[in-house]
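# Coordinates in review
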Amino acid sequence: MPTELPYAADAEESLSYDELEVLRLQYQKELAQSHVTVQTKFNYAWGLVKSPLREHQVEGVRLLQEIYRAEPARRRECLYYLALGHYKMGNYEEARRFNALLLDKEPANLQAQSLAGLIDNRVTRDGYIGMAIVGGVAALGTLVLASVIRRASRK
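Notes on the structure follow. What you see is a predicted model; the values in this text were computed from it and never measured.

### What to know about the side chain of Glu 21
As for its placement among the helices and strands, Glu 21 is situated in helix α1 (residues 17–32). Of note is the side chain of Glu 21, whose polar atom sits 2.5 Å from the side chain of Arg 24.

This is the structure:
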């Protein structure tokens, strides 16, 4: 489902299997040599976050959090992808938190503004779905209760 917001393309685009595999192999090669550069780790995390697979997104967010904690100079560039990763996993409050940190630093950042809109839209949509489910459960409960009362009054 494409978004009408032009700058959050990362929310829907993922790398091909081959592109992600190149990043994975580079990361694993450096890991085997006991020296992973920050750029290699970031590139792999970026590719994982863009993946449609939840387990990739979780691993990507984990790697980005490591970079965020260990490399203060790289925090700004991690914020958007941390927000994006949490958004894609459905962790909207975390997505909002990281995106707000980025917008505090860069209020004119179009990617972050666009992602904020996507997060808000998803929270609203999920809220409506939740209300519909609760309404459906309440209606079903009312029908069951009415049926039980009818049966009890017939006896």
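### Some words on the packing of helix α2 (residues 38–50) against helix α4 (residues 75–89)
Two elements in contact, α2 and α4, have axes separated by 9 Å at closest approach and are oriented at 30°. Here α2 is positioned roughly parallel relative to α4, judged by the angle of their axes. The element α2 and its partner α4 pack so that their crossing is left-handed. Listed contacts from α4 to Phe 42, Trp 46, Val 49 and Lys 50 of α2 are Glu 77, Cys 78, Tyr 81, Leu 84, Gly 85 and Lys 88. Class assignment for the residues of the contact of α2 with α4 results in six nonpolar, one polar and three charged.

### Some points on the pattern of salt bridges
Oppositely charged side chains are able to pair whenever their charged atoms sit close together. Taken as a whole, this structure holds nine salt bridges when the rule is applied. A salt bridge links Glu 77 to Arg 74; the nearest nitrogen and oxygen atoms lie 2.2 Å apart. Ionic pairing is found between Arg 96 and Glu 93, a salt bridge with its closest N-O pair at 3.2 Å. With a gap of three residues between them, Arg 96 and Glu 93 both fall in helix α5 (residues 92–105), about one helical turn apart. The partly exposed category is assigned to Arg 96, whose relative accessible area is 31%. Several salt bridges converge on common partners, so that one network encompasses Lys 41, Glu 59, Arg 62 and Glu 66.

### Concerning unusual backbone geometry
Here Ser 34, not a glycine, exhibits a phi torsion of approximately 60°, which is positive. In this structure, Ser 34 sits in the loop between α1 and α2. Overall, Ser 34 belongs to the exposed group, its relative accessible area being 68%.

### Here we look at the environment of Glu 19
Looking at the secondary structure, you find Glu 19 in helix α1. Between the C-alpha atom of Glu 19 and that of Gly 47, which follows or precedes it by 28 residues, the distance is 8.2 Å.

### A word on α5
Since the α-helix turns once every 3.6 residues, residues separated by three or four places project in the same direction. End to end, α5 covers 20 Å across 14 residues, agreeing with the expected 20 Å (1.5 Å per residue, within 8%). Buried within α5 are the following residues: Tyr 92, Ala 95, Phe 98, Asn 99 and Leu 102. Projection of α5 onto a plane perpendicular to its axis shows the buried side chains occupying an angular sector of 135°, all on one side. Within α5, the exposed residues directed more than 90 degrees away from the buried face are Glu 93 and Asp 104.

### Quick notes on the packing of aromatic side chains
Evaluated as defined, the whole model comprises five aromatic pairs. Here Tyr 27 and Tyr 44 contribute two aromatic rings whose centre-to-centre distance is 4.9 Å and whose plane-to-plane angle is 25°, an arrangement assigned as stacked. Of this pair, Tyr 27 sits in helix α1 while Tyr 44 sits in helix α2, and the two are 17 residues apart along the sequence. Tyr 44 matches Tyr 27 in its accessibility class, with the two residues each being buried. Between Phe 42 and Tyr 81, the ring centres sit 6.0 Å apart and the planes meet at 80°, which makes this aromatic pair edge-to-face. Highlighted residues: Phe 42 in helix α2 and Tyr 81 in helix α4, separated in sequence by 39 residues. Tyr 81 gets classed as buried once you look at its relative accessible area, which sits at 13%. Pairwise contacts between aromatic rings join Phe 42, Tyr 80 and Tyr 81 into one cluster. Of note, Arg 75 hangs over the ring of Tyr 68, and the distance from its end group to the ring centre comes to 5.2 Å.

Procedures and definitions
Residues numbered from 1 in each chain as written. Predicted model: local features only at pLDDT ≥ 70, side-chain atom pairs only at ≥ 80, totals over all residues. Heavy atoms only, no water. Helix = DSSP H or I, 4+ residues; strand = E, 2+ residues; numbered from the N terminus. Polar contact = N/O pair within 3.5 Å; in protein donor to acceptor, adjacent residues only side chain to side chain. Axes fitted to C-alpha atoms, helices over the stretch in contact; angles between N-to-C directions. Parallel < 35°, antiparallel > 145°, perpendicular 65-115°, else oblique. Left-handed = near helix turned anticlockwise from the far one by under 90°. Contact = heavy atoms within 4.5 Å. Nonpolar A, V, L, I, M, F, W, Y, C, P; charged D, E, K, R; others polar. Salt bridge = Lys/Arg side-chain N within 4 Å of Asp/Glu carboxyl O. Buried < 20%, exposed > 50% of the residue type's maximum accessible area, 1.4 Å probe, protein only. Expected span 1.5 Å × (residues − 1). Arc of directions from axis to C-beta. Phe/Tyr/Trp six-rings, centres within 6.5 Å; stacked < 30°, edge-to-face > 60°. Lys NZ or Arg CZ within 6 Å of the ring centre and 35° of its normal.

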